[in-house]
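# Chain and residue survey
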Amino acid sequence: MNHTQQQSYDAIIVGAGLAGLSCAVFLSQSGKRILLIEKNAELGGLVHSFNRDGFVFDAGARAILGVVLNMLKELKLEVEVVPSKVSLGVEDHIILIDDASSVMDYRDLLKKMYPDRTEEIDHFIRAMVKIMKLIDIIYGIDNPLFKDIPGDKSYLLKELLPWLPKFLYAMNRMEALSEPCEEYVQDLVQDQGLADIIAQHFFKGTPAFFALSYFTLYRSYVYPKGGTGAVTEALAKKIREHQGEILTNTVIRQVQADRQVVVDDQGMEYRYRNLVWAADLKTLYDITELGSLSPAVKRRVEDRKTQIAQGKPSESVFSLYLGVDLPVDYFKKALIGHLFYTPSRKGLGSIHRNELTQLLEKWEQLEKGEILSWLSRFLKYNTFEISIPAVRDSSLAPEGKTGLIISVLMEAELFKKVDASGWYEEFRIEIENTILRILSESLFPELKDRVERQFSFTPLSIEKRVGSTDGAIVGWSFQAHIPVIDQMRKVNQSIRTPIPNVFQVGQWAYSPAGTPTCIITGKLAADQIAKKDKGRSGPG
């Protein structure tokens, strides 16, 4: 599309990840003239699939929560999904998280691993079940945000009104469980290894209510036929059907807030009535020029910029991608499609906390061998998320072969230190080969000798492709002050910015972040713009 200067839009959305796509589709559906701008050639951000030599891999999200599709069902998206069962394993013990009774299977697994801790385990499981029941209440009905409440009296009277008191009760209880998961678990479980096995596959400092509710959420996972990118494709199709414009390979270099103009990397200008920022929030404040706006507005924006700059991005992820000359059935012995696997019951202990902090602080004094020794232990006792797309959709790998995605949480700062020291590629390959060796010695004995294609994404490559500070995949770190709304009862306020006519959506707008957050904030911004511009016709 060849744009001329000063084209005007009711709304410009910057960033075509799930939040930007959701906002754009709801705005275009309401009749607004919109432009969705994306820095990459492909859409979707972390909800994107790609093909390598016949193997289809997912770039970010490994599955989709059923609640996400429920939120979008009013759009009549043409996305076929299949169940995406989640398994959880420690050493040679693996359970399937299939229904509400699976939590008892989890209890039994832990007792096999730690037979002298049965009373503590029972205590922990009782606490976990209580949290799961709260989440069942929260997601007990279709989200009211996506319902035509005035036009659906049955929903209002039979579902929404009876649910509201339960919802408020659950919200109060959940907010009381906002302490870090590790601390919450440690109060219930004294054995460090057991506490690690429970908590270490969550981001550091994840609120207890969010982490320990995941047994409920795991049961609702679905997988789109064709890969998670099928959701992105369906959203983009809907935007175009409603005459929305999508512009790719375009980077916004400047926001001129006083003129309500964005400027791209080619110097092209686009005028907006409303701007929705669905990209990295630090970038928004770095590139915004306030010009002739009032001193009061400038002070508010500068104060907000300072708060955002002080926020710490969450951990990122290292993902190893393998194309393997082994049939899918070989892997079905261990997983149905999505597995969280810990090769050793010992747990990470302080390896990824105090030891990592000291390693980064003393980096210049350390030999390469000391760093690699730490890396070996870090990977040996860690938890891996293993996803196999072809288990859920056989068309996603060549016949008789399998594609695997193996991920582990890692800090971007570590990779930046290595990169500055000049051995980034060596470090990356060392991680790849160590993961491959660990899984070949434990879960998949034939794996190492049957690899045909091998590559990886690091926090730095994620940061470069997605544009997310430090390659963060769930927004703000829980280990530092969170500079955005972090209470569900206040989520309606999360889209606001002090910059006139500018909204924020996505993983940086609300914490804790995930795919539901992206869609909810996208819808909230679309609704706010529609309400604000009601009665006005045409962009300008």
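The structure under discussion appears in the preceding block.
Residues take numbers from 1 onward in each chain, read along the sequence in its written order. Only residues with pLDDT of at least 70 are given local features in this predicted model, and only at 80 or more are side-chain atom pairs given and counted; all residues enter the totals for whole chains, interfaces and linings. By convention in this description, side-chain values take in all heavy atoms of the structure and omit both hydrogens and water.

### Description of the nonpolar core
Judged by nonpolar contacts, the single largest core of 100 residues is most densely connected at Tyr106 and Phe124. The greatest single-element share of this core, amounting to ten residues, is contributed by helix H4 (residues 118–138). Contact partners of tyrosine 106, with chain neighbours within four places excluded, come to Leu88, Ile95, Phe124, Ile125, Met128, Ile197, Ile198 and Phe215. If you look at the next biggest cluster of nonpolar residues, it comprises 59 residues, including Ala59, Val324, Ile438 and Phe457. In this text, buried Ala, Val, Leu, Ile, Met, Phe, Trp, Tyr and Cys residues form a nonpolar core when linked through side-chain atoms within 4.5 Å. Working definition: with a 1.4 Å probe on protein chains only, accessible area under 20% of the residue-type maximum means buried, over 50% means exposed, and in between means partly exposed. Where helices and strands are cited, they refer to DSSP runs of H or I of at least four residues and of E of at least two residues respectively, numbered from the N terminus. Between two residues, a contact is recorded if the distance between any of their heavy atoms is within 4.5 Å.

### Quick word on the pattern of salt bridges
Definition used for salt bridges: Asp or Glu carboxyl oxygen within 4 Å of a side-chain nitrogen of Lys or Arg. The final tally for this structure, using the stated rule, is 29 salt bridges. One salt bridge connects glutamate 245 with arginine 33, and the closest N-O pair in it is separated by 3.3 Å. Remark: arginine 33 occurs in the loop between helix H1 (18–29) and strand S2 (34–37) and glutamate 245 occurs in strand S10 (residues 245–247); sequence separation between them is 212 residues. Glutamate 245 gets classed as buried once you look at its relative accessible area, which sits at 16%. Judged by its relative accessible area of 30%, arginine 33 is partly exposed. Measuring nitrogen to oxygen at the nearest pair gives 3.6 Å for the salt bridge that ties lysine 238 to glutamate 241. Note that lysine 238 and glutamate 241 are positioned in helix H10 (residues 229–241) at a spacing of three residues, about one turn of the helix. Residue classification places lysine 238 among the buried residues on the basis of a relative accessible area of 16%. Three or more residues are tied together by salt bridges with common partners; here these are Arg117, Glu120 and Asp191.

### So, the packing of helix H17 (residues 412–421) against helix H19 (residues 459–466)
At their nearest, the axes of H17 and H19 sit 8 Å apart, and the two run at 100 degrees to each other. For the element pair H17 / H19, the angle class is roughly perpendicular. Contacts between H17 and H19 involve Ala412, Phe415, Lys416 and Asp419 from the former and Pro459, Leu460 and Glu463 from the latter. Following the grouping adopted for this structure description, the nonpolar residues are Ala, Val, Leu, Ile, Met, Phe, Trp, Tyr, Cys and Pro, the charged ones are Asp, Glu, Lys and Arg, and the polar ones are all others, Gly among them. In terms of residue class, the contact of H17 with H19 is built from four nonpolar, no polar and three charged. For helices, the fitted line uses only the C-alpha atoms of the stretch in contact; every axis is such a line through C-alpha atoms, and the angle between N-to-C directions lies from 0 to 180 degrees. Roughly parallel means an angle under 35 degrees; roughly antiparallel means over 145; roughly perpendicular covers 65 to 115; every other angle is labelled oblique.

### Topic: the sheet that holds strand S6 (residues 81–83)
Here a strand pair is declared whenever DSSP counts at least two bridges between the two strands. In space, the three strands of this open sheet follow the order S5-S9-S6, with antiparallel pairing throughout. Strands with a single pairing partner mark the edges of an open sheet, and in this sheet they are strand S5 (64–65) and S6. Across two bridges, the pairing between S5 and strand S9 (residues 221–224) is antiparallel. Of the residues in S9, the one forming a bridge with leucine 65 is tyrosine 221.

### Overview of the packing of aromatic side chains
Ring geometry is summarised as follows: Phe, Tyr and Trp rings, the Trp one being its six-membered ring, pair when their centres sit within 6.5 Å, and such pairs are stacked at plane angles under 30 degrees, edge-to-face over 60 and tilted between the two. This model, assessed by the stated rule, comprises 27 aromatic pairs. Here phenylalanine 50 and phenylalanine 57 contribute two aromatic rings whose centre-to-centre distance is 5.9 Å and whose plane-to-plane angle is 40 degrees, an arrangement assigned as tilted. On the accessibility criterion, phenylalanine 50 (15% relative accessible area) is buried. Seen in terms of ring centroids, phenylalanine 331 and phenylalanine 444 are 4.9 Å apart; in terms of plane orientation they differ by 70 degrees. Their pairing is edge-to-face. Of this pair, phenylalanine 331 sits in helix H13 (residues 328–332) while phenylalanine 444 is found in the loop between helix H18 (424–440) and strand S19 (451–457), placing the two residues 113 residues apart along the sequence. In this pair, the class of phenylalanine 331 matches that of phenylalanine 444, namely buried. A network of ring pairs unites the aromatic residues Tyr106, Phe202, Phe210, Tyr214, Phe215, Tyr218, Tyr221 and Phe340 as a single cluster. Placement of a positive charge over a ring is assigned whenever Lys NZ or Arg CZ falls within 6 Å of the ring centre and within 35 degrees of the normal to the ring plane. Sitting over the face of the ring of tyrosine 155, lysine 147 holds its NZ or CZ atom 4.9 Å from the ring centroid. Its guanidinium or amino end placed over the ring of tyrosine 223, arginine 392 lies 4.0 Å from that ring's centre, counting from NZ or CZ.

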